[in-house]
Amino acid sequence: MRRLPVSTMALLAAAALSACTSTQDVLEPSAIAAQQSGSATAGPQPATSPVIASTTDTSAVGRPIPANVRVQVAPIVGASVEAATPLTERLAIKARERGIRLAGSSDQTATHVLKGYFSALTEGKETTVVYVWDVYDPAGTRLHRINGQQKVQISGGDGWSSVPPGAMQSIADATIEQLASWLSGQTG
């Protein structure tokens with residue numbers, strides 16, 4: 001049996017994730033949103049820099065995010081609960097730092113919904129986390145997409161068990177930076 005290169009597998013995974021509707025291994029981030037007003041967790045663990053596949057509009061950097069924006073983070077699809085927990089915790093912290101107000105899962109005032117789809121692909125001594133975030137309006141129309149990959153060297157295990165919390169926190173950092181840049185370019 002012929003093995004596909006990781007880059008080919010990553011592209012296939014990204015394509016599959018963009019149409020994903022499974023609820024298997026889903027973490028409900030609204031449980032983390034309540035921690036937003038609490039204290040910050042320990043700093044991120046070392047991780048490699050993410051390879052961002054989408055472009056960021058730097059013309060919006062420095063502009064404030066409109067005050068009426070409230071982002072609801074939908075359940076994370078594809079990642080294990082152990083991998084998604086540091087991701088959602090970090091999303092809440094970084095969103096607060098960047099002035100993005102998060103809405104709980106039952107909050108009807110959300111102006112945007114952020115849905116994340118994840119896959120972990122292991123080849124040799126490396127695992128690649130492929131992620132796709134879609135930003136929707138409350139009616140379900142996709143407005144924006146953020147995607148990328150995070151590669152980590154592994155010493156044991158494969159798939160999600162080989163992904164350290166720092167890698168997921170790095171993905172959260174990149175996600176919030178791109179989301180903030182896009183939101184600040186929107187008109188109120």
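Residue numbers here run from 1 along each chain, matching the order of that chain's written sequence. The model is predicted, so local features are restricted to residues of pLDDT at least 70 and side-chain atom pairs to those at 80 or more, both for listing and for counting; the totals for chains, interfaces and linings are taken over all residues. The side-chain numbers reported here are obtained from all heavy atoms of the structure, hydrogens and water having been left aside.

A. Examining the pairing of strand E6 (residues 142-153) more closely. When DSSP finds two or more bridges between a pair of strands, those strands are recorded as paired. To qualify as a helix, a DSSP run of H or I must reach at least 4 residues; to qualify as a strand, a run of E must reach at least 2; elements of each kind are numbered from the N terminus. Examined bridge by bridge, strand E5 (residues 126-136) and E6 share 11 bridges and lie antiparallel to one another. Within E6, the residue paired with valine 130 across the bridge is glutamine 149. Linking E5 back to E6 in an antiparallel pair, the connection comprises five residues, with glycine 140 at a positive phi of about 95 degrees.

B. Looking closely at the confidence of the model for the protein chain. Confidence scores labelled pLDDT are given residue by residue by the predictor and lie between 0 and 100. Taken over all residues, the pLDDT of the protein chain has a mean of 76, while the share at 70 or more is 66%. The contact rule is simple, with two residues in contact once any of their heavy atoms fall within 4.5 Å. Overall, residues 6-60 carries pLDDT values under 50, and its contacts beyond four positions in sequence, including any with other chains, amount to 104 contacts.

C. Fine view of the nonpolar core. Grouped together as the largest cluster of nonpolar side chains are 36 residues, with contacts concentrated most on Leu87, Ile100, Phe118, Trp133, Trp160, Met168 and Leu179. Within the residue set of this core, elements represented by two or more residues are strand E2 (70-73), helix H3 (81-98), strand E4 (112-123), E5, E6 and helix H4 (165-184). The dominant element in this core, judged by the number of residues it contributes, is H4, at 10 residues. Those residues within four positions of leucine 87 in sequence are excluded, and the remaining contacts are Ile76, Phe118, Trp133, Met168, Ile171 and Ala172. Among buried residues, those of type Ala, Val, Leu, Ile, Met, Phe, Trp, Tyr and Cys that are joined through side-chain atoms within 4.5 Å constitute a nonpolar core. We call a residue buried when its accessible area falls under 20% of the maximum for its residue type, exposed when it is over 50%, and partly exposed in between, using a 1.4 Å probe and counting protein chains only.

D. Highlighting the environment of threonine 85. With respect to the helices, strands and loops of the structure, threonine 85 is situated in helix H3. Sequence separation of threonine 85 and methionine 168 is 83 residues, and the distance between their C-alpha atoms is 8.7 Å.

E. Summary view of the packing of aromatic side chains. Planes of paired rings set the category: under 30 degrees apart is stacked, over 60 is edge-to-face and the rest tilted, where pairs are Phe, Tyr or Trp rings (Trp by its six-membered ring) whose centres lie within 6.5 Å. A full pass over the atoms with the stated rule returns two aromatic pairs. Where phenylalanine 118 meets tyrosine 131, the ring centres are 6.1 Å apart and the plane angle is 25 degrees; that geometry is what we call stacked. Taken as a pair, phenylalanine 118 in strand E4 and tyrosine 131 in strand E5 lie far apart in primary sequence, 13 residues in all. Each member of the pair, phenylalanine 118 together with tyrosine 131, is buried. Ring geometry for phenylalanine 118 and tryptophan 133: centres 5.4 Å apart, planes at 85 degrees, overall edge-to-face. Of this pair, phenylalanine 118 sits in strand E4 while tryptophan 133 sits in strand E5, placing them 15 residues apart in sequence.

F. Main features of the environment of arginine 142. Considering the arrangement of structural elements, one finds arginine 142 in strand E6. Spatially, the C-alpha atom of arginine 142 lies 9.6 Å from that of histidine 112, the residues being 30 residues apart in sequence. Sequence-distant contacts of arginine 142, defined by excluding residues within four places in its chain, comprise Asp134, Val135 and Tyr136.

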